[in-house]
Amino acid sequence: AAGVGQQWVLVEMVQAFYEAPAYHLILEGILILWIIRLLFSKTYKLQERSDLTLKEKEELIEEWQPEPLVPPVPKDHPALNYNIVSGPPTHIITVNGKECINFASFNFLGLLNNEKVKSAAQASLKKYGVGTCGPRGFYGTFDVHLELEERLAKFMGTEEAIIYSYGFATIASAIPAYSKRGDIVFVDEAACFAIQKGLQASRSNIKLFKHNDMADLERLLKEQETEDQKNPRKARVTRRFIVVEGLYMNTGDICPLPELIKLKYKYKVRIFLEESLSFGVLGEHGRGITEHFGINIDDIDLISANMENSLASIGGFCCGRSFIIDHQRLSGQGYCFSASLPPLLAAAAIEALNIMEDNPDIFQTLRAKCERIHKALQGISGLKVVGESFSPALHLQLEESYGSRENDVKLLKRVVDYCMNSGIALTQACYLEKEEKCLPPPSIRVVITVEQTEQELDKAASLLKEAAQSVLN
């Protein structure tokens, strides 16, 4: 019975072979031949070895030219030619041996050379020494650090604050502490370089929206909402963030925070707010953009700012709810792995906060001077003012390009040099051109402080007009 069954199967196979279409048989035949070829052929061909003579080897070695470790940089590159400052970069600054009025340093409230701040730093220096020689988790936490964090949280009206020893590392560490691979970050295309580095470290999915364009941001949020509906399981574990600046470093523009808050609750995203330029500048008491717009600070998930502008110290801080801040103590790279802030700088920042709280009129004084020079700089032939009238850091950009970015940079440098020779210290906004996501146009940055007199503001504006007339026309 078994033999009859085997014969029957064989008959069926032969019958199926005759009934199969011709193209099917041809295809199967080609596949069988290909399999046989793969089985019996070598996986690669051995190249015939050709032994070189000693003379030929030496000739090849002499001909070989290694690629440079880094691309060649011209000797006149601005990064290799420093303006050397001697003395404190205060209201009057000495640059390359020449005394100038300082319109370049971010000393907005004029606290860098304040006697009370210096006395507090000197007292701390005598008590603690120069540095800390350890991160916060390894004998790098001093009582003055805890006092500064408590003071910052109280000043900002949040539950808790955390300080970093380097301003740039603050937001660059905070973003990847929360946003990971697979998460989505909506970010303004004019975001500063520190934010860009934080986004890069997070390895998240980055979606850029046009500068301060809430319609473009909502378009991206709607598109993401549609994508989430297609895959709700993935959407449940994907975190979404909006990252913006209070006052943008690269443009001097203010972000439309009230509209952002509406989008936050409508599309269920978190907001990270970088306030390095607006902290100590905006608001009745200098608390930043939330106070400026009268927005409840609890509507913002995380606020970060550096202490290198208004507080005239070093480092940065983040503030928010306790459970958010505590997470950074475990995963903020700049906090966990860098030596903590020198106590003398923490003491200086505390004293600067005291001055800000005791002298709230200082913010109105700064605003009035910003508005004065913003108005005075209007109508300069060949240059346009970029930034809000109350921003302490304005940009002067060329109205029209002169053929290439290189030419534009050289022309603006001539304007800066013209002003420097006449006693006004300005600076060009500098960028890592190959690293920037959206490279801003070349510009001259004008920084306003409370120490500058009305006469000095008018002199700077008049001199810039004169320089533009001389260089551009």
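Keep in mind the model is a prediction, meaning the values are calculated, not measured.

A. Fine view of the overall build of the protein. Within the protein, the secondary structure is distributed over 18 helices and 14 strands. In summary, the protein has a C-alpha radius of gyration of 32 Å against a globular reference of 23 Å for 473 residues, an excess of more than 25%. With the principal axes as the frame, the protein shows a C-alpha extent of 110 × 65 × 50 Å. Here the protein, with 473 residues, has 47% of them falling under the buried criterion. Counting only contacts in the protein whose residues sit at least 6 apart along the sequence, the fraction spanning at least 24 positions is 69%. Entry remark: accessible area of the protein is about 26200 Å², with carbon and sulfur atoms responsible for 55%.

B. Spotlight on the sheet that holds strand S1 (residues 92-95). Pairing is mixed across the open sheet formed by three strands, whose spatial order is S1-S2-S12. This sheet does not close on itself; its edge strands, each paired only once, are S1 and strand S12 (424-425). Two elements, strand S2 (residues 98-102) and S12, share two bridges in a ladder whose sense is parallel. Paired with asparagine 102 across the strands is alanine 425, a residue of S12.

C. Inspection of the domain arrangement of the protein at higher detail. Segmentation of the protein into domains returns domain 1 (115-358) and domain 2 (404-442). Taken over C-alpha atoms, the centre of domain 1 sits 28 Å from the centre of domain 2. Across the contact, six residues belong to domain 1 and seven residues belong to domain 2. Together, the buried faces of domain 1 and domain 2 total about 570 Å²; carbon and sulfur atoms form 55% of this surface. Contact with domain 2 buries surface across domain 1, with Phe193, Gln196 and Asn250 losing the most and accounting together for 69% of the total. Our count for the contact surface shared by domain 1 and domain 2 stands at one salt bridge. Glutamate 435 serves as the salt-bridge partner of lysine 197, at 3.6 Å between the closest nitrogen and oxygen. The interface formed by domain 1 and domain 2 includes two residue pairs in polar contact (both at pLDDT 80 or more).

D. Focus on the packing of helix H16 (residues 361-376) against helix H18 (residues 454-472). The contact between H16 and H18 brings their axes to 9 Å, and the two run at 25 degrees. Classed by the angle they form, the pair H16 and H18 counts as roughly parallel. H16 and H18 meet at a crossing whose hand is right-handed. Contacts between H16 and H18 involve Lys369, Arg372, Ile373 and Ala376 from the first element and Glu454, Leu457, Asp458, Ala460, Ala461 and Lys465 from the second. Its residues assigned to classes, the contact of H16 with H18 shows five nonpolar, no polar and five charged.

E. Layout of helix H13 (residues 322-331). When we look at burial in H13, the residues that qualify are Ile324, Ile325 and Gln328. Taken end-on, H13 shows its buried residues confined to a sector of 95 degrees, consistent with a single buried face. Those residues of H13 that are exposed and angled more than 90 degrees off the buried face are Phe323 and Leu330.

F. Here's a closer look at the pairing of strand S11 (residues 393-398). Taking burial as the measure, the six residues of S11 include six buried ones, the bulk of the element. Of the two faces of S11, the one carrying Ala393, His395 and Gln397 and the one carrying Leu394, Leu396 and Leu398 are both buried. Between the end of strand S10 (residues 383-386) and the start of S11, which pair antiparallel, lie six residues, with glycine 387 showing a positive phi angle near 130 degrees. Here S11 pairs with strand S14 (residues 443-447) via five bridges, running antiparallel. From the neighbouring strand, alanine 393 faces S14, where its bridge partner is valine 447.

G. A look at the pattern of salt bridges. Inspection of the entire model under this criterion finds 21 salt bridges. When the shortest N-O distance is used, the salt bridge between arginine 367 and glutamate 371 registers 3.2 Å. Of this pair, arginine 367 and glutamate 371 are both found in helix H16, four residues apart, which corresponds to roughly one turn of the helix. Given the relative accessible area of 28%, arginine 367 is considered partly exposed. Accessibility expressed as a relative area gives 35% for glutamate 371, which makes it partly exposed. Put simply, Arg136, Glu149, Glu160, Asp326 and Arg329 are held in one network by salt bridges that share partners.

H. Structural context of the packing of aromatic side chains. Tallying each qualifying case throughout the model produces nine aromatic pairs. Both rings, one in tyrosine 178 and one in phenylalanine 272, keep their centres 5.5 Å apart while their planes meet at 70 degrees; by these two values the pair is edge-to-face. Of the two residues, tyrosine 178 is situated in helix H7 (residues 167-178) and phenylalanine 272 in strand S7 (residues 270-274); the sequence distance between them amounts to 94 residues. For the residue pair tyrosine 178 and phenylalanine 272, the accessibility class agrees, reading buried in each case. Aromatic ring contacts, followed pair by pair, group Phe155, Phe279 and Phe317 into a single cluster.

I. Fine view of the UniProt feature "domain: Aminotransferase class I/classII large" (unreviewed entry) in the protein. Here the UniProt feature "domain: Aminotransferase class I/classII large" (unreviewed entry) sits at residues 99-462. With 46% helix and 16% strand, residues 99-462 has its two end C-alpha atoms placed 19 Å apart.

The rules behind the values
- Residues numbered from 1 in each chain as written.
- Predicted model: local features only at pLDDT ≥ 70, side-chain atom pairs only at ≥ 80, totals over all residues.
- Heavy atoms only, no water.
- Helix = DSSP H or I, 4+ residues; strand = E, 2+ residues; numbered from the N terminus.
- Rg over C-alpha atoms; globule rule 2.2 N^0.38 Å.
- Buried < 20%, exposed > 50% of the residue type's maximum accessible area, 1.4 Å probe, protein only.
- Contact = heavy atoms within 4.5 Å.
- Areas by Shrake-Rupley, 256 points an atom, 1.4 Å probe, with all protein chains shown as cover.
- Pairing = 2+ DSSP bridges.
- Domains from an automatic or database assignment.
- Buried area = accessible area lost by both parts, 1.4 Å probe.
- Salt bridge = Lys/Arg side-chain N within 4 Å of Asp/Glu carboxyl O.
- Polar contact = N/O pair within 3.5 Å; in protein donor to acceptor, adjacent residues only side chain to side chain.
- Axes fitted to C-alpha atoms, helices over the stretch in contact; angles between N-to-C directions.
- Parallel < 35°, antiparallel > 145°, perpendicular 65-115°, else oblique.
- Left-handed = near helix turned anticlockwise from the far one by under 90°.
- Nonpolar A, V, L, I, M, F, W, Y, C, P; charged D, E, K, R; others polar.
- Arc of directions from axis to C-beta.
- Phe/Tyr/Trp six-rings, centres within 6.5 Å; stacked < 30°, edge-to-face > 60°.
- UniProt positions renumbered as here; feature names shortened; annotations may be inferred.

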